[in-house]
Amino acid sequence: ELPLGVFGIALATVILPSLSQHHAADDPQAFSRTVDWALRWVILIITPATVGLVVLAEPILITLFQHGAFSAHDVHMSAISLMTLALGLLGFTLVKVLAPGFYSRQDTKTPVKIAMIALGVNMTANFLFVVPMVWLGFEAPHAGLTLATSLSAFVNAGLLMRDLRRAGVFKPEAGWRGLFIKVVVANLLLAAILHFGSVMLIDWQGGSSGLLILNLSGLIGVGLAVYFSVLWVFGYRLRDFQRPRRA
């Protein structure tokens, strides 16, 4: 909820007035550029957030919640849910950013129809994931629920993207392939740093609260520095992601 609320919803709020203005001015190129700009920011920010939540799921939950009656087993079970739900963070954020592309064009029906389809996918996937997990004796069948939720988010985002492209109001700008490759490399290095750092740095089960907070904050800080340094080496600067101006 933190990256989704602080970044995803804020970004959607920012682009909605611009998209409405571009649509009213009959400027499809500016409309498309604005959507493209928002999607690039989503890829840039949400993918490392996803990696961080997946890799550091147990350290985060130990630091925040493993006190009193909340045991190590509770942390492990919750971490499985956090990891599978975090896999859908990109999908959840894409939905928030793509939906204004419809609202700005006074189309409120299409996002609702797509959301109903995604809901159906979620319910079906709940059954398909959870039941086999129970039958096979999987230790955390509840993870099937969060995994289904993540899957439905990507279905929702994919259908929204498809309809925007079919309507001809969104055409991806050049450079997406290079961005994907460089972000993937940066995230792989980020995952490696966070994994080895969390394993070698501290005994998470034996540290004091202050030490846990200090080490977790340090890992996050180093991880962010590594991620953005890799992108900087690849030639990306913040100015490359400046808000597009109307031609």
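Residues numbered from 1 in each chain as written. Predicted model: local features only at pLDDT ≥ 70, side-chain atom pairs only at ≥ 80, totals over all residues. Heavy atoms only, no water.

(A) Region of interest: the overall build of the protein chain. A count of helical and extended segments in the protein chain gives 10 helices and zero strands. Walking the protein chain from its N terminus toward its C terminus, one meets helices and strands in the order α-α-α-α-α-α-α-α-α-α. Taken along the three principal axes of its C-alpha coordinates, the protein chain extends 60 × 45 × 30 Å. For the protein chain, the proportion of its 247 residues judged to be buried stands at 43%. Sequence-distant contacts in the protein chain: of pairs separated by 6 or more residues, those separated by 24 or more amount to 80%. Summed over its atoms, the accessible surface of the protein chain is roughly 13100 Å², and 69% of this surface lies on carbon and sulfur atoms. Measuring between centres, the 17 positive side-chain charges of the protein chain sit 14 Å from its 12 negative side-chain charges. (Helix = DSSP H or I, 4+ residues; strand = E, 2+ residues; numbered from the N terminus. Buried < 20%, exposed > 50% of the residue type's maximum accessible area, 1.4 Å probe, protein only. Contact = heavy atoms within 4.5 Å. Areas by Shrake-Rupley, 256 points an atom, 1.4 Å probe, with all protein chains shown as cover. Lys, Arg positive; Asp, Glu negative; His and termini not counted. Charge placed at Lys NZ, Arg CZ, Asp CG, Glu CD.)

(B) Quick look at the nonpolar core. Core analysis: the biggest nonpolar cluster contains 52 residues, and Leu11, Leu39, Val42 and Leu98 have the highest contact counts within it. Looking at this core, the elements with two or more residues in it are α1 (2-24), α2 (28-55), α3 (57-65), α4 (72-86), α5 (89-98), α8 (143-166), α9 (176-201) and α10 (209-233). The greatest single-element share of this core, amounting to 11 residues, is contributed by α2. Those residues in contact with leucine 39 that lie beyond four places of it in its chain are Leu94, Val97, Leu98, Met161, Phe170 and Trp176. (Core = buried A, V, L, I, M, F, W, Y, C linked by side-chain atoms within 4.5 Å.)

(C) The arrangement of α10 in detail. For α10, with 25 residues, the first-to-last C-alpha span of 36 Å sits near the 36 Å given by 1.5 Å per residue. Every buried residue belonging to α10 is among Leu212, Asn215, Leu216, Leu219, Gly223, Tyr227, Val230 and Leu231, and all of these are buried. Looking at the buried positions of α10, the neighbouring elements they touch are α2, α3 and α9. Looking one or two residues past α10, glycine 235 carries a phi angle of roughly 100°, positive in sign. (Expected span 1.5 Å × (residues − 1).)

(D) Spotlight on the packing of α4 against α8. Interaxial distance between α4 and α8 falls to 7 Å at its minimum, and their mutual angle equals 15°. Classified by the interaxial angle, the pair formed by α4 and α8 is roughly parallel. You can see that α4 and α8 cross each other, and the crossing is right-handed. Contacts between α4 and α8 involve Ile80, Ser81, Thr84 and Leu85 from the former and Ala143, Thr146, Leu147, Thr149 and Ser150 from the latter. Residues belonging to the contact of α4 with α8 are distributed by class as follows: four nonpolar, five polar and no charged. (Axes fitted to C-alpha atoms, helices over the stretch in contact; angles between N-to-C directions. Parallel < 35°, antiparallel > 145°, perpendicular 65-115°, else oblique. Left-handed = near helix turned anticlockwise from the far one by under 90°. Nonpolar A, V, L, I, M, F, W, Y, C, P; charged D, E, K, R; others polar.)

(E) Structural view of the pattern of salt bridges. All chains considered together, the criterion is met by two salt bridges. Note that arginine 40 is salt-bridged to aspartate 36, the shortest N-O span being 2.6 Å. Taken as a pair, arginine 40 and aspartate 36 lie in helix α2 at a separation of four residues, close to a single helical turn. This pair shows no difference in class: arginine 40 is buried, exactly as aspartate 36 is. (Salt bridge = Lys/Arg side-chain N within 4 Å of Asp/Glu carboxyl O.)

(F) Highlighting unusual backbone geometry. Phi at aspartate 26 is positive, roughly 55°, even though this residue is not glycine. Along the chain, the position of aspartate 26 falls in the loop between α1 and α2. Within the chain, glutamine 106 stands out as a residue other than glycine whose phi angle is a positive 60°. Along the polypeptide, glutamine 106 turns up in the loop between α6 (100-103) and α7 (109-135). Taking relative accessible area as the criterion, glutamine 106 reaches 61% and is therefore assigned exposed.

(G) Quick peek at the layout of surface pockets. Here the largest pocket is characterised by a volume of approximately 770 Å³. Surrounding the largest pocket, 26 residues form its lining, Leu2, Pro3, Ala49, Leu53 and Leu89 being those nearest its centre. Among the elements of the structure, α1, α2, α4, α5, α9 and α10 are those that each provide at least two residues to the lining of the largest pocket. Broken down by element, the lining of the largest pocket gets its largest block of residues, six residues, from α10. Residue composition of the lining of the largest pocket, grouped by class: 23 nonpolar, two polar and one charged. (1 Å grid on protein atoms, 1.4 Å probe; cavity = no way out; pocket = protein on both sides within 12 Å on 5 of 7 lines; lining within 4 Å. Points joined across faces, edges and corners; volume = space filled by probe spheres on them.)

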